[in-house]
There are 2 protein chains.
Amino acid sequence: MTTERTDATALADSIRHAGLRVTEPRVAVLGVLENESHIEAERVFRAVLPLVPGTSVQAVHGILAAFTQAGLVRRIEPAHSPALYERRVGDNHHHVVCTGCGAVEDVDCTVGHSPCLTPSSSGGFQIQTAEVTFWGLCPACQAAVPA
Amino acid sequence: MTTERTDATALADSIRHAGLRVTEPRVAVLGVLENESHIEAERVFRAVLPLVPGTSVQAVHGILAAFTQAGLVRRIEPAHSPALYERRVGDNHHHVVCTGCGAVEDVDCTVGHSPCLTPSSSGGFQIQTAEVTFWGLCPACQAAVPA
DNA sequence: GGGCTTGTTTTGAATAACTCAAAATAACTG
DNA sequence: CAGTTATTTTGAGTTATTCAAAACAAGCCC
Ligand SMILES: [Mn+2]
Ligand SMILES: [Mn+2]
Ligand SMILES: [Zn+2]
Ligand SMILES: [Zn+2]
């Protein structure tokens, strides 16, 4: 009976193990990210505010930046959208974005099918990562636009 | 002896054929884009200003938006960068971005190697396009950071 | 070529999403 | 518990872009 969504202690540990001090706003931010994926700073802020009154938007930005730097969360920046943060980290998975409503979903990188991620002519660049973004219509938006 | 970089008449025709009125600032913007790829609005503005004095930044943004909508230019939005515009359009090619200096280069989509661009589980999304961004170090930045 | 209609540009202001900095505050260390 | 240093608050500033009203000008018609 001591487990809400994710034990606050577990969250605190993750933060500590990342080399960061454990604070109320940080625990709250990480908690929000455990429950919701691909969420923007503003929405994180609105979710955290009631949990830790007095939290500022700047703090949330700072926390998300610190988490990102520490590798606790991942930041993506799809076109036409503010930055989105997610807890799923370490695998470099990809994303589908709905051109209708902006909904974002994870797309697993099909291992074994990655040859196309080695560019034919990389112009002398030393490639580190490949980021794939698929654009299309989510089920809901497909239904909304019949034709 | 009537051809500078790209004949102004040719530029005007492209604009007209896209269904847009031909104006001085538009011809100038398109001319700049013919000469320089992956260029941001601000730099387009600074290149256009001496050619068409009195041009406003807002106009440049408007022109680039109109061109993009008309399919005359392509707009990309790599993370950590303002939007970039390029004339190369129609093929959906990809990009390498230097994590050191932000330099951008085209990467041809290796035709025949695109199976990975069909996501394994698209979560019901109806995929329209796949956008690939490679991140790495450009030759210059590789030289600058020996280790 | 001279109006007319409508699309464009200018001018002026506003916005979204962050970032910066100084002072106040609170975590961890010993 | 005190001290050191990281973090947050408070307040302001920035960048890239968008909105809107009024002035202007392209392309069409005669
Ligand atoms: Mn994801
Ligand atoms: Mn390109
Ligand atoms: Zn949708
Ligand atoms: Zn570079």
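Computed from a predicted structure; not experimentally measured.

Caption draft 1: How the structure looks around the coordination of the zinc ion (ligand 4). All names here are of chain B. Taken together, the protein donors to the zinc ion (ligand 4) comprise Cys98 (SG), Cys101 (SG), Cys138 (SG) and Cys141 (SG), at separations of 2.2 to 2.4 Å. Positions of the donor residues of the zinc ion (ligand 4), expressed as sequence spacing, correspond to C-x2-C-x36-C-x2-C. You can see cysteine 101 sitting in the loop between strand E4 (94-98) and strand E5 (104-107) and its partner cysteine 141 sitting in helix H5 (residues 139-144), a full 40 residues away along the chain. Using a relative accessible area of 14% as the deciding quantity, one classes cysteine 141 as buried.

Caption draft 2: Expanded view of the coordination of the manganese ion (ligand 1). Residue and element names in this part refer to chain A. Looking at the manganese ion (ligand 1), one finds its protein donor set to be His38 (NE2), Glu86 (OE), Glu86 (OE), His93 (NE2), His95 (NE2) and Asp106 (OD), positioned 1.9 to 2.7 Å from the metal centre. Geometry at the manganese ion (ligand 1) is irregular, judged from the six donor atoms that bind it and their angles of 54 to 170° at the metal. Mapped onto the polypeptide sequence, the residues donating to the manganese ion (ligand 1) form the spacing pattern H-x47-E-x6-H-x1-H-x10-D. Accessibility classification places glutamate 86 together with histidine 95 in one group, the buried group.

Caption draft 3: Examining the packing of helix H2 (residues 24-35) of chain A against helix H4 (residues 57-70) of chain A more closely. All names here are of chain A. Look at H2 against H4: their axes get within 10 Å of each other, and the N-to-C directions meet at 70°. With respect to H4, the axis of H2 lies roughly perpendicular. Residue-level contacts link Pro25, Arg26, Val29, Leu30 and Leu33 of H2 to Ile63, Leu64, Ala66 and Phe67 of H4. Partitioned by chemical class, the residues of the contact of H2 with H4 number eight nonpolar, no polar and one charged.

Caption draft 4: Representation of the sheet that holds strand E1 (residues 39-40) of chain B. Residue and element names in this part refer to chain B. Across the sheet, three strands lie side by side as E1-E3-E2; this open sheet has antiparallel pairing. Of all strands in the sheet, those bounded by a partner on one side alone are E1 and strand E2 (74-76). Pairing of E2 with strand E3 (residues 84-86), which is carried by three bridges, proceeds in the antiparallel orientation. If you follow arginine 75 over to E3, its bridge partner there is tyrosine 85.

Caption draft 5: Structural context of the domain arrangement of chain A. Under the domain assignment, chain A is made up of domain 1 (8-76) and domain 2 (91-144). The gap between the C-alpha centroids of domain 1 of chain A and domain 2 of chain A is 26 Å.

Caption draft 6: Quick look at the pairing of strand E4 (residues 94-98) of chain A. Residues and elements named next belong to chain A. Here E4 lies mainly inside the structure; five of its five residues are buried. Of the two faces of E4, the one carrying His94, Val96 and Cys98 and the one carrying His95 and Val97 are both buried. Strand direction decides the pairing type here: E4 and strand E5 (residues 104-107), joined by four bridges, are antiparallel. Residue pairing across strands places histidine 95 opposite aspartate 106, the latter belonging to E5. Hairpin connection between E4 and E5: a loop of five residues separates the two successive antiparallel strands, and glycine 102 in this loop has a positive phi of roughly 85°. Both E4 and strand E6 (residues 126-137) contribute to a ladder of four bridges, which runs parallel. Its bridge partner being in E6, histidine 95 is matched across the sheet by threonine 133.

Each value, and the rule that gives it
Residues numbered from 1 in each chain as written. Chains lettered and ligands numbered in written order. Predicted model: local features only at pLDDT ≥ 70, side-chain atom pairs only at ≥ 80, totals over all residues. Heavy atoms only, no water. Donors = N, O, S within 2.8 Å, 3.2 Å for Na, K, Ca; no water. Helix = DSSP H or I, 4+ residues; strand = E, 2+ residues; numbered from the N terminus. Buried < 20%, exposed > 50% of the residue type's maximum accessible area, 1.4 Å probe, protein only. Tetrahedral: all angles 85-135°; square planar, octahedral: opposite > 155°, others 65-115°. Axes fitted to C-alpha atoms, helices over the stretch in contact; angles between N-to-C directions. Parallel < 35°, antiparallel > 145°, perpendicular 65-115°, else oblique. Contact = heavy atoms within 4.5 Å. Nonpolar A, V, L, I, M, F, W, Y, C, P; charged D, E, K, R; others polar. Pairing = 2+ DSSP bridges. Domains from an automatic or database assignment.

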